[in-house]
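# What the coordinates show
Given next are the chains, with one letter for each unit.
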Amino acid sequence: MLYSKVFLRLHWGFSVSVPFASKAKPSFYLPPPTTLVGALAYGKFRGVDNRAEKGKMVSPAFGLKVRAAASYERDFLGGYIEDIVKNVIMYFQRKERRLEERYRYGVVPTGKVYSPNKVIKVVYVADMDRGELEKWSWSITRLGCKECLVSVEDVEIGDAKKVKGRLKTSYYFPADVKVISGRVEYVDFWDENGYIWGSSGNTLRYAIPVLGYPLTCNEVEVEANEAYEVGGEYVVFG
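Parameters at a glance
Residues numbered from 1 in each chain as written. Predicted model: local features only at pLDDT ≥ 70, side-chain atom pairs only at ≥ 80, totals over all residues. Heavy atoms only, no water. Helix = DSSP H or I, 4+ residues; strand = E, 2+ residues; numbered from the N terminus. Rg over C-alpha atoms; globule rule 2.2 N^0.38 Å. Buried < 20%, exposed > 50% of the residue type's maximum accessible area, 1.4 Å probe, protein only. Contact = heavy atoms within 4.5 Å. Areas by Shrake-Rupley, 256 points an atom, 1.4 Å probe, with all protein chains shown as cover. Lys, Arg positive; Asp, Glu negative; His and termini not counted. Charge placed at Lys NZ, Arg CZ, Asp CG, Glu CD. Patch = residues over 30% accessible without salt bridge, like charges linked within 9 Å, V, L, I, M, F, W, Y side chains within 5 Å. Salt bridge = Lys/Arg side-chain N within 4 Å of Asp/Glu carboxyl O. Pairing = 2+ DSSP bridges. Core = buried A, V, L, I, M, F, W, Y, C linked by side-chain atoms within 4.5 Å. Disulfide = S-S within 2.5 Å. Polar contact = N/O pair within 3.5 Å; in protein donor to acceptor, adjacent residues only side chain to side chain. pLDDT = per-residue confidence, 0-100. Arc of directions from axis to C-beta.

## Some points on the overall build of the chain
Regarding its fold elements, the chain presents two helices and 18 strands. On C-alpha atoms alone, the chain measures out to a radius of gyration of 18 Å, which is about the 18 Å that the 2.2 N^0.38 rule sets for 238 residues. Seen along its three principal axes, the alpha-carbon backbone of the chain occupies a region of about 55 × 40 × 35 Å. The 238 residues of the chain split such that 47% are buried. In the chain, the proportion of contacts linking residues at least 24 apart, taken out of those at least 6 apart, comes to 76%. Summed over its atoms, the accessible surface of the chain is roughly 12300 Å², and 49% of this surface lies on carbon and sulfur atoms. When the 34 positive and 29 negative side-chain charges of the chain are each reduced to one mean point, those points stand 6 Å apart.

## Examining a nonpolar patch on the surface
On the surface, Val-88, Tyr-91, Phe-92 and Tyr-105 cluster together into a nonpolar patch covering about 410 Å² of accessible area. Note that Val-88 resides in strand 6 (residues 79-88).

## Describing the sheet that holds strand 6
Remark on secondary structure: sheet strands pair via backbone hydrogen bonds, oriented parallel or antiparallel. An order of 2-7-6 is seen for the three strands of this open sheet, with the pairing classed as antiparallel. Strand pairing shows two members of the sheet lacking a second neighbour, strand 2 (13-14) and strand 6, which therefore form its edges. Relative to strand 7 (residues 105-114), strand 6 is paired through ten bridges, and the arrangement is antiparallel. Bridging from a neighbouring strand, Lys-86 pairs with Val-107 of strand 7.

## Observations concerning the sheet that holds strand 14 (residues 203-208)
Within the open sheet, the three strands sit side by side as 11-14-13. Their pairing is antiparallel. With one partner strand each, in any of the chains shown, strand 11 (173-174) and strand 13 (185-190) form the two edges of the open sheet.

## Things to note about the nonpolar core
By size, the foremost hydrophobic cluster in this structure holds 52 residues, and its most contacted members are Ile-120, Tyr-124, Ile-140, Tyr-172 and Val-235. Element by element, the count of residues in this core is highest for strand 8 (residues 119-126), at six residues. The next biggest cluster of nonpolar side chains, apart from the first, holds eleven residues, and it includes Val-177, Val-184, Val-222 and Val-236.

## Observations regarding unusual backbone geometry
One non-glycine residue with positive phi stands out, namely Asn-117, at about 70°. Tracing the backbone shows Asn-117 in the loop between strand 7 and strand 8.

## Observations concerning the pattern of salt bridges
Going through the model one piece at a time under the given rule, you end up with eleven salt bridges. Residue Lys-118 is joined to Asp-75 by a salt bridge in which the shortest nitrogen-to-oxygen separation is 3.9 Å. In this pair, Lys-118 is assigned in the loop between strand 7 and strand 8 and Asp-75 in the loop between strand 5 (66-72) and strand 6, connecting sequence segments 43 residues apart. Overall, the relative accessible area of 48% leaves Asp-75 in the partly exposed class. Two residues, Arg-102 and Glu-100, come together in a salt bridge whose shortest N-O distance is 3.3 Å. Given the relative accessible area of 32%, Glu-100 is considered partly exposed. Because the salt bridges share partners, they merge into one network encompassing Lys-5, Lys-121 and Glu-233.

## Considering the state of the cysteines
With the rule as written, the count across this model stands at zero disulfides. Looking at the unpaired Cys-145, the closest cysteine sulfur is the one in Cys-148, lying at 3.1 Å. Residue Cys-145 is classed as partly exposed on the basis of its relative accessible area of 32%.

## A short note on the side chain of Ser-139
Among the structural elements, Ser-139 can be located in the loop between helix 2 (130-138) and strand 9 (150-159). For Ser-139, a relative accessible area of 16% gives the class buried. Looking at Ser-139, its side chain comes within polar contact range of the main-chain oxygen of Lys-135, at 2.8 Å.

## Some thoughts on the confidence of the model for the chain
Mean pLDDT over the chain: 89, with 91% of residues reaching 70 or higher. Ranking the elements of the chain by mean pLDDT puts strand 3 (residues 51-53) last with 67 and strand 18 (residues 233-236) first with 98.

## Topic: helix 2
Turning to helix 2, its buried residues are Leu-133, Trp-136 and Ser-137. For helix 2, the arc enclosing every buried residue in end-on projection is 100°, short of the 170-degree limit, so these residues lie on one face. Of the surrounding elements, those touching the buried residues of helix 2 are strand 1 (2-10), helix 1 (33-41) and strand 9. Where helix 2 begins, the capping side chain belongs to Asp-129, and its oxygen is found 3.1 Å from the backbone nitrogen of Gly-131.

Shown next as structure tokens:
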């Protein structure tokens, strides 16, 4: 197994809506695994918005055998704000209203993490060609919506060593992992079924080791059954 550790510098910040968001769109404090895998897949499938898979239309990221987690760089400082944004809301309307122009737009409070020029670390663990993983990692251009531009500062490629037991991590992990010490916040991320168009998919509970305001990284100690050492750090998947 190989890992790719990607250092992404934010242009202004990012926004990734929580599951089931509609007229209110709060954002996660960190981009979830599905967003990270989608960002990586863009390097391979650039220009392809969907593809057919067993009679269903799916995202190009569907079936990509990559696991991912994110954390803030040590000097990261950010703030969470919900801006008032004019959004298309016609698909939340009753069928008879959807073609009427007056129901096309609405004011929607939209969550955003602002942290201009700060760095987010993303780790990918995959069984694939080293050169391909590195090329895709350097091809990342955004995290979340199209306006959430990032610049790849550096990419570190190495062997991912599988470990277990007590260890410390600043990357988010599944909520069923036992926390020994440290503060976490619990959130619900989409699982990979969220890559299927027209399917709401399921949610998975995760623990995010962050500190409140300002947003910054927080290292916690856990009891891991499945984790990987990645360049002197640990990512936990179970």
